[in-house]
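# Chains, contacts and geometry: an overview
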Amino acid sequence: MSNRMWGGRFASGPAEIMEEINASIGFDKRLAPQDIRGSLAHVAMLGKAGILPSADVATIEDGLKAVREEIEGGGFVFKRELEDIHMSVESRLTEIVGTAAGRLHTARSRNDQVATDMKLWVRDTLDSLDAQAADLQQALAEKALQHAATVMPGFTHLQSAQPVTFGHHCLAYVEMLARDRGRFRDARARLNECPLGAAALAGTSFPIDRHATAEALGFDRPTANSLDSVADRDFALEALAAASICAVHLSRFAEELVVWTSAQFNFVKLSDGYTTGSSIMPQKRNPDAAELVRAKSGRVIGALTGLLIVMKGLPLAYSKDMQEDKEGTFDALQALSLCLAAMTGMVRDLEPNADVLARAAGSGYATATDLADWLVRELGLPFREAHHVTGRLVGAASAKGIGLEELSLLEMQEAEPRITDTVYAVLGVENSVSSRTSYGGTAPDNVRTQATRWLALLKAPSASA
């Protein structure tokens, strides 16, 4: 049989495989709250515009609220033959209030309806992700303040480079997350135009008030072009792009946690709450939460790539291809939410092994740059010449298997006769990090200042990024 909601043109129902490929209710049912919000705003506008009689408006509003209660209570039956959430809600509304339900779809189409539902869902989700990212920032800033002076090796090319502090390292991710939150908010601002009332693609001849509907749903304004209104999925793409960059940041941190918790590094410890054991090796403590955060970045990036490919060849306006926007977007943003929650838990849980970090901070001739800077500052050498002198001293220490600070003054003076014993003051890792006082540097006082600033910002009512 044909679909009783819209199938007057058809003499028979869809083939079984058509129903299989066409139905979206299995995943778009999560849009139910947004769909009902949109319908309530739409019917209220129809009443105020004099398009529907007030009695029908009241009946439909009561029916929609009853449907919402059924869905929230878990008693609603989603029927696959009704294809999607829009038809499912309208069908149940018809069962509850009768023929008045058929007036709800006046001056709208499923095309503008689904675009509105998706915008509402993405907007709600971006707000949630922003709050989660702020929570992770706070956890990192608290850890940074606690470990502002805990020295550790800083790396380039995963080779020991210069000493930094653990707090400084944590604050790097606070800054990354600030940019992520900025992208979430930028995406939210750009999507905040309401498609409802664009109808199928050309607008409607009914005297609707799109500004009223937009205001009722918390949008800044209605969309300005009916074709673009139903054809646009930029808002989903931009949300996925922002989510992908955030997921990459989390994945990089997760990779560090995987490395740092290994027996070979032993930089930090995670509790039983965020590690698992092995089915065969009883000694194992695997950082599975971090590994899964690292892996799930692929799902988020994949969803962005997938939707870009869906959209790249579509003519205006709506095509059923665009139904493929939902599963990937739902899955990706849910995955990112889970990753943010897991990473926040790990940050609050982890404890750096300060002694191990301090020993590692001095390895690999990490204070060589401090020595070169001392040669420039105290002896007036051009930096390139200081670089060569330091390189010779590193080679001499390496040949003897000792640290720079273990070279005798005489050995140092063989490379540069004017070196004095005051040079040893800059070869300690604590002295090294304390000297990095330039804005944004790793000096403990800098770290304390930045961590305190971030904690104050994050506790402010606006929770500014």
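Residues numbered from 1 in each chain as written. Predicted model: local features only at pLDDT ≥ 70, side-chain atom pairs only at ≥ 80, totals over all residues. Heavy atoms only, no water.

## Remarks on the overall build of the protein
Put simply, the rule reads: A run of H or I in DSSP becomes a helix once it reaches four residues, and a run of E becomes a strand once it reaches two; helices and strands are each numbered from the N terminus. Note on method: radius of gyration uses C-alpha positions; expected globular size equals 2.2 Å times residues raised to 0.38. The rule is simple: take the accessible area with a 1.4 Å probe, protein chains only, and divide by the maximum for that residue type; under 20% is buried, over 50% is exposed, in between is partly exposed. In what follows, a contact means two residues having at least one pair of non-hydrogen atoms within 4.5 Å. Each accessible area is a Shrake-Rupley estimate made with a 1.4 Å probe; only the visible protein chains count as cover when residues are assessed. This count recognises Lys and Arg as positive and Asp and Glu as negative, with His and chain-terminal groups excluded. In this description, the location of a charge corresponds to atom NZ of lysine, CZ of arginine, CG of aspartate or CD of glutamate.
Each helix and strand counted, the protein has 18 helices and 6 strands in total. The globule rule puts the C-alpha radius of gyration for 465 residues at 23 Å, and the 30 Å found for the protein is more than 25% above it. When its C-alpha atoms are laid out on the principal axes, the protein stretches across 100 × 50 × 40 Å. Split into buried and exposed, the 465 residues of the protein put 48% on the buried side. Pairs at least 24 apart in sequence give 75% of the contacts found in the protein among residues at least 6 apart. Split by element, the accessible area of the protein, about 21600 Å² in all, is 53% carbon and sulfur. Of the charged side chains in the protein, 47 are positive and 59 negative, and the gap between their average positions amounts to 1 Å.

## Focus: unusual backbone geometry
Negative phi values dominate among residues other than glycine, just as trans dominates among peptide bonds. Cis geometry marks the peptide bond from Leu 316 to Ala 317; its omega dihedral reads 10 degrees. Its place among the elements puts Ala 317 in the loop between helix H11 (288-311) and helix H12 (325-349). Even without a glycine there, the phi angle at Leu 158 is positive, about 60 degrees. As for its position among the elements, Leu 158 is in the loop between strand E1 (151-156) and strand E2 (159-165). Its identity is not glycine, yet Asn 266 carries a phi of approximately 55 degrees, on the positive side. Relative to the elements of secondary structure, Asn 266 occurs in the loop between helix H10 (234-260) and strand E5 (268-269).

## Let's talk about the side chain of Thr 106
Basically, it comes down to this: N or O atoms closer than or at 3.5 Å make up a polar contact, with two conditions inside protein: a donor-capable atom paired with an acceptor-capable one, and, for residues adjacent in sequence, both atoms drawn from side chains.
Position of Thr 106 among the secondary structure elements: in the loop between helix H5 (85-97) and helix H6 (110-146). Judged by its relative accessible area of 18%, Thr 106 is buried. Here Arg 103 takes part through its backbone oxygen, which lies 2.7 Å from a polar atom of the side chain of Thr 106.

## A look at the environment of Gly 50
Of note, Gly 50 is situated in the loop between helix H3 (32-48) and helix H4 (54-73). Gly 50 gets classed as exposed once you look at its relative accessible area, which sits at 59%. Sequence-wise, Gly 50 and Ile 208 are 158 residues apart; in three dimensions their C-alpha atoms are separated by 9.0 Å.

## Digging into the pattern of salt bridges
Stated precisely, the cut-off is as follows: A side-chain nitrogen of Lys or Arg and a carboxyl oxygen of Asp or Glu constitute a salt bridge if their distance falls within 4 Å.
Considering all chains together, one arrives at 27 salt bridges under this definition. Residue Asp 325 pairs with Lys 326 through a salt bridge whose shortest N-O separation is 3.0 Å. The pair formed by Asp 325 and Lys 326 is uniform in burial state, with each residue classed as buried.

## A look at the UniProt feature "domain: Argininosuccinate lyase C-terminal" (unreviewed entry) in the protein
Applicable threshold: UniProt positions are given in the numbering used here, feature names are shortened, and annotations may be inferred rather than shown by experiment.
UniProt's feature table lists "domain: Argininosuccinate lyase C-terminal" (unreviewed entry) at residues 365-433, given in the numbering used throughout. For residues 365-433, helix accounts for 61% and strand for 0%, while the C-alpha atoms at its two ends are 14 Å apart.

## Some thoughts on the packing of aromatic side chains
Our working definition: Pairing of aromatic rings covers Phe, Tyr and Trp, the last through its six-membered ring, and needs centres within 6.5 Å; plane angles under 30 degrees mean stacked, over 60 mean edge-to-face, and all others mean tilted. Consider the ring centre and the ring normal. A charge sits over the ring if Lys NZ or Arg CZ is within 6 Å of that centre and within 35 degrees of that normal.
A complete count under the given rule lists 7 aromatic pairs for this structure. Arranged with centres 6.5 Å apart and planes meeting at 20 degrees, the rings of Phe 155 and Phe 267 form a pair that is stacked. You can see Phe 155 sitting in strand E1 and its partner Phe 267 sitting in the loop between H10 and E5, a full 112 residues away along the chain. Under the relative-accessibility criterion, Phe 155 is labelled partly exposed at 30%. Take Phe 267: its relative accessible area is 4%, and that puts it in the buried class. The interplanar angle of 75 degrees and the centroid separation of 5.1 Å between the aromatic rings of Phe 265 and Phe 267 together place this pair among those described as edge-to-face. Judged by its relative accessible area of 25%, Phe 265 is partly exposed. Each member of the aromatic cluster is reached from another via a ring pair, and the members are Phe 155, Phe 166, Trp 260, Phe 265 and Phe 267. Lying across the ring of Phe 219, Arg 123 places its NZ or CZ 4.7 Å from the centre. One cation-aromatic arrangement involves Arg 453 over Trp 454; the distance from NZ or CZ to the ring centre is 5.0 Å.

## Considering the pairing of E2
Let me state the cut-off plainly: Pairing between strands is defined by DSSP: at least two bridges between the two strands are required.
Across 6 bridges, E1 lies against E2 in antiparallel orientation. For Phe 155, the partnering residue across the bridge sits in E2 and is Ser 160. Counting the residues in the hairpin turn of E1 and E2 gives 2 residues, including His 157, whose phi is positive at 60 degrees.

## With respect to the nonpolar core
Just so we agree on the cut-off: Here the nonpolar core consists of buried residues drawn from Ala, Val, Leu, Ile, Met, Phe, Trp, Tyr and Cys, with membership extended through side-chain atoms lying within 4.5 Å.
Ranked by size, the top nonpolar core spans 98 residues in total, and within it Leu 140, Leu 250, Leu 257, Trp 260, Leu 336, Leu 340 and Met 343 carry the most contacts. No other element matches H10, which puts 16 residues into this core. Leave out the neighbours within four places in its chain, and Leu 250 touches Leu 136, Leu 177, Val 293, Leu 336, Cys 339, Leu 340 and Met 343. Formed by 21 residues, the second largest nonpolar core is a distinct cluster that contains Leu 375, Leu 381, Val 394 and Val 423.

## Structural notes on the side chain of Asn 111
In this fold, Asn 111 is placed in helix H6. By relative accessible area, which is 16% here, Asn 111 ends up buried. A polar contact of 3.0 Å, which involves the side chain of Asn 111, links it to the backbone oxygen of Ala 200. Ignoring anything within four residues of it in the chain, the contact list for Asn 111 reads Ala 199, Ala 200, Val 230 and Tyr 318.

## Things to note about the environment of Asn 446
Secondary-structure assignment places Asn 446 in helix H18 (residues 444-459). Classification of Asn 446 as buried rests on a relative accessible area of 18%. Separated by 279 residues in sequence, Asn 446 and Gly 167 place their C-alpha atoms 10.0 Å apart. If sequence neighbours within four positions are ignored, Asn 446 has contacts with Arg 436, Thr 437, Ser 438, Gly 440 and Gly 441. A distance of 2.9 Å separates a polar atom in the side chain of Asn 446 from the backbone oxygen of Ser 438.

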